[in-house]
Amino acid sequence: MQSAPLNEFTAPRFQTTIATEFVQGSAIAPDLFGSSIEIVSDTEVSPGNEVIYPIHHALNWRMSRFGQQARSNLQAALFQNEDGSTWQAKLSEPIADPKKGKPRKYETPVGSGSRAFFPNLDSQTRSHIQKRYQILVPPTSSIWDWLKVRPEVPIVLTEGGKKGLSLLTQGYLGIALYGVNGGYRTKDALGESCTPYLIPDLLPLIQPGRPVYLAFDQDAAIETNQAVARALSRFGAVLAKAGAIVHIIQWNGADGKGCDDLIVNRGAEAFQTAYDRALPLEEWKIEQFLRRQLTYDAAQIVHAADLSTVSLEHLPQDGIWAIASPKGTGKTKFIAANLPEDGKVALATHRVCLGRNLCQRLNIHWRNDLDKVNGEFIAGDGYTLRVGFCVDALLAIDPEKFQGCTLVIDEAVQVFRHLLLSSTCRKGGKLAALLDRLKAIIQTSKLIILADADLDDATLDYVSSLREVRKPIYLIRNDVEVKGYPTDFVEATNPSATIVLLNKAVESGQRTFVTTDSKAASLTLKKQLEKLGAKIFLINSETSGGEEEQRFITNPDRFLANDPTWDVIIATPSLCTGVSIESNYFQQVFGIFYGIIPDADMAQGLGRVRQPIPRTIWCAQRGIDRGGVSDSINPLVIKTALQQRTQAISKLLWNDLTPDAQDNLTNYDWQGDPHLNLWARISASTHRSMQSLRSALKVRLRYEGNQVKVLDLETDPVAQEQLKNIRRELKEAEAKAIAQAPMLSISERVTLENQESLSPQERLSLEKTILADFYGLTEEELTPEIVLKDQQGRRRQQLLALENQLETGLCQERDLKGLERQVTWGKGLCAWDIDTSTLQHKMREYLGLHAFIDRDRSWTKYDLAELGDCAKHHRKEIKSVLNFTITDTMSTVQIAHQLLEQLGIPVKQRCWSNRAEGHEGEKLRIYGVDAMEWDEIQIILSRRRTRRQGRASFAGSPLPLNQSFEHGGDPKGYEFTYIWEEESIQTPIQDPQNQTEQDSGDLSRRTA
């Protein structure tokens, strides 16, 4: 309710107006109003005929001739604390605020600082509180003192005294502050900036485990709302640091700006609903991030379940179209309907299966299905310039020939992420050349069409920055409310209970679609469900190139209609985005995610089935974040860390670099490089997702309109043991198959490494050849035991790191070759793609780790103290260089042994002793290197050293850039030299499908 003007009020009239405003306008109980609000005049006469000035006294105003002067016609409503002090006042004649240029609504006591409102509570209010919380409250004494020793009782913090009293009327323990910034301070007693800390009034109440709800105003103005959100985030972080369990209460601002307005306009039940739906602080932050992803102004806003049914007029014929539309709303069909029937079209994607699917739907050709002569693509009906391709193959596209084309990038967010981060695009140091070619194509295109359900500012900023002629982006935003699906979201330490539910669904005859982020998990689930007699169809990186699998990917509905005998379809991310299963074939969808991909990709997988049938989901609490330079969620922090790391590498290698490499490093554009900026923003977003993956997926699913119900389930030990046994059996069978596969010749290996898809036998032979080559073994010497011990490339990565530490100059040689590979392409450098072996070597030396790389040395925790303290002091540098996160809870023994484990050095406890020098009498664990394992490692390193020496004559750098490369292809000599040059191992074999799927391997180990 709007308050009436307060000037020239008589005291009785002012009291009536205030009572109406508070009781009716803010739903405050009359008794509570009476016990907490006092109406006073500025000039009063006491019973002893003494003139007093209550307002001046309450607000600590100084009486002076030229300052505040008492006025007999000024009244105030004083918000009184239970100790008799005044918290705030509302004047009948508001005072103008010189800073804001308008009257202030309330006055606070001068010099009191930020305070909380603790009013005296009447008996009826106490009764309401007791009923709500089902706990006895003191009938007369201070309820606020009582609350200090009841940390289990929730409190609600809000802005403004009326709102606090309104909540108290409903039985909530509402505590009012002056504003969202009023609960904490950011300056110390001397006025210097400091770490935020709680105000003294809140400090006794904010105890570990206390549920604290924040119910601040829901402002309609975007700028105000964003400012409040930032303040809420800061305040929530301060409360959480003090141990509070923080929740954010939200409601529709149209129903009332403040919580009292909501109660008046929609009833107490509306606030109760908002209270029950309050988000934990972590989930609220994730939701805020999702809301801020796309802030560009929309040129056209539609509400269409199928975007292709909408006819949009006045679409520009050049520039950039950006299409932001939810999953399954016909984005591709809309592009097809608006794509020129003739003229040049280039379609860039990140996965082969997606590209083929899109080309078929857009009536253009897939590059790998075309012949190429003299730089021209030839289809069955002649030359064509309507071509789709993976961004990995950008160098095969001549920008000059596609001058004036329409460039289509569907699933744009994922395409650019793949381009900047994937190992296939970084292979051979060609990433900078790929990015340069992308820029050229973007600049020569007449029209660019970007589409994605998760389209964001980062993607639009990136593409816009690559254009030479800047025009406003034409954003088409589809705000349709998609019919979501009911979701049982299982919160458990492992997926065993979820797999029990999956078994029951399959046994009951329900056709089930299962999506997972792990190839190993997909194989395990397949074998486990086959034991139930189910017929399983599997799509992962090993199978997706098969004939049947390609038919499914191209048209899943037709595939299922022609062969309706499949009980379960299991798919990893190899079942790419863009694939829609529209039919009613399935009755259930299960999602089992181990934390290998971000939440957005998980949601994509769950959305492959378009029908709103039930989903059951388990997700790891945290993701396996493989980011190296920094785990920050701030892009600027990540860029700064990368710049510092690159400068350190430059200093170490500078004297051995070629002039071209030195020039590239000296002139690197750390501020304006759009590729670097997008890489940093993608990295920050990925870290944000992986650090709270389960919460991120839960929030995203709700944000996308799905009905999420959380299930707390216990681990099923029987199912867990069954899965463990199946995983072991599969690993053993895979190792045996690799060991028995025939080896490849050099030419055969090169062919397969560049082949689009592999048969199962080709994959096994390629993996065996790579393993045997690395370990220096013959075909007969590579046994299943060696394959198993390799742990899908993990041991190779450790051994490479150990080689770099033990063999002087080897790491520097590898880093130099890596830099020269980038420079040879002649298109600059990508700083995030520079090898760091030399820097890692120096970091480990600086920490003193070399002293423990000794077969014969033993040590105790005290011997590791100096190393551990040094590592904790340099934890940021260690994260940047060694990709190892050190937490406050880690002991020096843990730190040292994990640093040794990065090198593949096995440490074991040798014995107990109470005779350690300097610590006689204290029983201590004695640690040392496992001698047998160490000896085996030395044999492997010796073989590798001999192999390198024998191949030294074959090494060399690619030849300089030639004219043919400018129009596509690789530099001459690249394919030959790549075979013999060691690169850091990401996965055992590069994915021939140009896919981002990664194998989880032993998930418990990797998580640890």
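Each remark here, short or long, concerns the structure printed above.
Below, the structure is looked at part by part. Keep in mind that this is a model prediction, so the values were computed, not measured.

## Points about the overall build of the protein chain
Scanning the protein chain for helices and strands turns up 39 helices and 35 strands. The C-alpha radius of gyration computed for the protein chain amounts to 33 Å, which stays within 12% of the reference 30 Å derived for 1008 residues, consistent with globular compactness. With respect to the principal axes defined by its C-alpha atoms, the protein chain has extents near 110 × 85 × 65 Å. Burial statistics for the protein chain: of 1008 residues in total, 53% are counted as buried. Within the protein chain, residue pairs in contact and separated by at least 24 positions form 72% of the contacts whose partners lie at least 6 positions apart. Accessible surface computed for the protein chain: about 44600 Å², of which carbon and sulfur atoms make up 49%. Positive and negative side-chain charges of the protein chain, numbering 116 and 128 respectively, have mean locations separated by a distance of 2 Å.

## Remarks on the sheet that holds strand β24 (residues 447-452)
Across the sheet, eight strands lie side by side as β15-β25-β16-β24-β23-β17-β22-β18; this open sheet has parallel pairing. Strands at the two margins of the open sheet, each flanked by one partner only, are β15 (300-302) and β18 (365-366). Alignment of β18 against strand β22 (residues 386-390), held across two bridges, turns out to be parallel. The residue of β22 that forms the bridge with W366 is G388.

## Thoughts on helix α24 (residues 674-691)
In this model α24 runs 26 Å from its N-terminal to its C-terminal C-alpha over 18 residues, within 8% of the 26 Å that 1.5 Å per residue would give. What α24 keeps buried is the set H675, L676, L678, W679, A680, I682, S683, A684, T686, H687, S689 and M690. Tucked inside the fold, the buried residues of α24 contact α13 (412-421), α15 (431-444), α16 (457-466), α21 (599-606), α22 (635-653) and α25 (693-703). The opening residue of α24 is D673, an N-cap whose side-chain oxygen sits 3.1 Å from the backbone nitrogen of H675.

## What about unusual backbone geometry?
Residue N60 is not a glycine yet carries a positive backbone phi of 60°. On the accessibility criterion, N60 (44% relative accessible area) is partly exposed. Residue Q791 is not a glycine yet carries a positive backbone phi of 55°. We classify Q791 as partly exposed; its relative accessible area is 27%.

## Points about the pairing of strand β35 (residues 924-929)
In the case of a regular strand, side chains alternate between the two sheet surfaces. Counting buried positions over the six residues of β35 gives five, a clear majority of the element. Direction of pairing for strand β33 (residues 858-859) relative to β35: antiparallel, over a ladder of two bridges. Residue pairing across strands places S858 opposite G928, the latter belonging to β35. Of the pairings in the sheet, the one linking strand β34 (residues 907-913) to β35 comprises six bridges and is antiparallel in character. Along β35, the bridge assignment pairs Q909 with Y927.

## Details of the packing of aromatic side chains
The relation between two aromatic rings is expressed through the spacing of the ring centres and the mutual angle of the planes. Applying the stated criterion to the full structure yields 27 aromatic pairs. Centroid distance W87 to F117: 5.0 Å. Interplanar angle 15°. Geometry classified as stacked. Placement of the pair is W87 in strand β5 (residues 86-91) and F117 in the loop between β7 (102-103) and α4 (123-133), with a sequence separation of 30 residues. The pair formed by W87 and F117 is uniform in burial state, with each residue classed as buried. The structure contains a cluster of three or more aromatic residues connected by ring pairs, namely F22, F33, F79, W87, Y106, F117 and Y178. Directly above the ring of Y172 sits R132, whose terminal nitrogen or CZ lies 3.8 Å from the centroid. Cation over ring: K535 sits above W566, and NZ or CZ is 4.2 Å from the ring centre.

## Observations concerning the nonpolar core
Formed by 114 residues in total, the largest nonpolar core has its most connected members in W679 and W832. When residues in this core are grouped by element, the largest group, eight residues, is from α15. W679 has contacts with L420, L421, V629, I638, L642 and W832, leaving out every residue within four places of it along the chain. Counting residues in each nonpolar core, the second largest holds 70 residues, with F22, W87, V228 and W284 among its members.

## Remarks on the environment of R467
With respect to the helices and strands, the residue R467 is situated in the loop between α16 and β25 (474-478). Its relative accessible area of 13% is what places R467 among the buried residues. A sequence separation of 148 residues divides R467 from G319, and the C-alpha atoms of the two residues are 9.1 Å apart. Of note is the side chain of R467, whose polar atom sits 2.6 Å from the backbone oxygen of I442.

## Some details on the pattern of salt bridges
Tallying each qualifying case throughout the model produces 51 salt bridges. Here E21 makes a salt bridge to K90, at a shortest N to O gap of 2.5 Å. Of the two residues, E21 is situated in helix α1 (residues 11-23) and K90 in strand β5; the sequence distance between them amounts to 69 residues. The burial state of E21 is the same as that of K90; both residues are buried. The shortest N-O distance in the salt bridge between R855 and D856 comes to 3.4 Å. Taking the relative accessible area as the measure of exposure, D856 reaches 60% and is therefore exposed.

## Thoughts on the environment of A492
With respect to the helices, strands and loops of the structure, A492 is situated in the loop between β26 (486-491) and α17 (496-507). Sequence-wise, A492 and W618 are 126 residues apart; in three dimensions their C-alpha atoms are separated by 7.6 Å. When residues no more than four places from it in sequence are discounted, the contact partners of A492 are W618, R694 and L713.

## Regarding α21
By the criterion of burial, α21 is predominantly enclosed, with eight of the eight residues buried. Turning to α21, its buried residues number three or more, namely D599, A600, D601, M602, A603, Q604, G605 and L606. Buried positions along α21 lie against α13, β27 (512-516), β30 (588-593), β31 (615-619), α24 and α25.

## Let's talk about the packing of helix α6 (residues 161-169) against helix α8 (residues 259-266)
At their nearest, the axes of α6 and α8 sit 8 Å apart, and the two run at 50° to each other. By the angle between their axes, α6 is oblique relative to α8. Counted together, K162, K163, S166 and L167 of α6 and C259, D260 and I263 of α8 form the full contact between these two elements. Across the contact of α6 with α8, the residue classes tally to three nonpolar, one polar and three charged.

Rules of the game
The written sequence of each chain sets the order in which its residues are numbered from 1. Given that the model is predicted, a residue must reach a pLDDT of at least 70 before its local features are reported, and side-chain atom pairs must reach 80 or more before they are shown or counted; all residues, however, enter totals for whole chains, interfaces and linings. No hydrogens and no water enter the side-chain calculation; it runs on all heavy atoms of the structure. Secondary structure follows DSSP: runs of H or I at least 4 residues long count as helices, runs of E at least 2 residues long count as strands, and numbering of each begins at the N terminus. Our radius of gyration is a C-alpha quantity, and the globule rule it is checked against amounts to 2.2 Å times the number of residues to the power 0.38. Three exposure classes are used, based on accessible area relative to the maximum for each residue type with a 1.4 Å probe and protein chains only: buried under 20%, partly exposed in between, and exposed over 50%. Contacts: residue pairs with any heavy atoms within 4.5 Å of one another. Values of accessible area rely on a 1.4 Å probe in the Shrake-Rupley scheme; residue burial ignores everything except the protein chains shown. In this tally, Asp and Glu contribute negative charge and Lys and Arg positive charge; neither His nor the terminal groups of the chain are included. To locate a charge, take atom NZ for lysine, CZ for arginine, CG for aspartate or CD for glutamate. Being paired, for any two strands, means DSSP has found at least two bridges between them. In a helix, the anticipated span is given by 1.5 Å times the number of residues less one. Polar contacts, as used here, are pairs of N or O atoms within 3.5 Å; protein pairs need one atom able to donate a hydrogen and one able to accept it. Residues neighboring in sequence count only if both atoms are side-chain atoms. Aromatic pairing here means that ring centres of Phe, Tyr or Trp (its six-membered ring) are within 6.5 Å. Orientation follows from the plane angle: under 30 degrees is stacked, over 60 is edge-to-face, and everything else is tilted. Here, over-ring charges are defined by two tests on the NZ atom of lysine or the CZ atom of arginine: distance to the ring centre within 6 Å, and angle to the ring normal within 35 degrees. Buried Ala, Val, Leu, Ile, Met, Phe, Trp, Tyr and Cys residues that are joined via side-chain atoms within 4.5 Å together make up what is termed a nonpolar core. Put simply, a salt bridge is a Lys or Arg side-chain nitrogen that is within 4 Å of an Asp or Glu carboxyl oxygen. Angles here are taken between N-to-C directions and fall from 0 to 180 degrees, while the axes themselves are lines fitted to C-alpha atoms, restricted in helices to the stretch in contact. Roughly parallel covers angles under 35 degrees, roughly antiparallel covers those over 145, roughly perpendicular covers 65 to 115, and oblique covers all other angles. Any residue outside Ala, Val, Leu, Ile, Met, Phe, Trp, Tyr, Cys, Pro, Asp, Glu, Lys and Arg is labelled polar, Gly included; the first ten of those are nonpolar and the last four are charged.

Taken by themselves, the reported measurements are silent on function.
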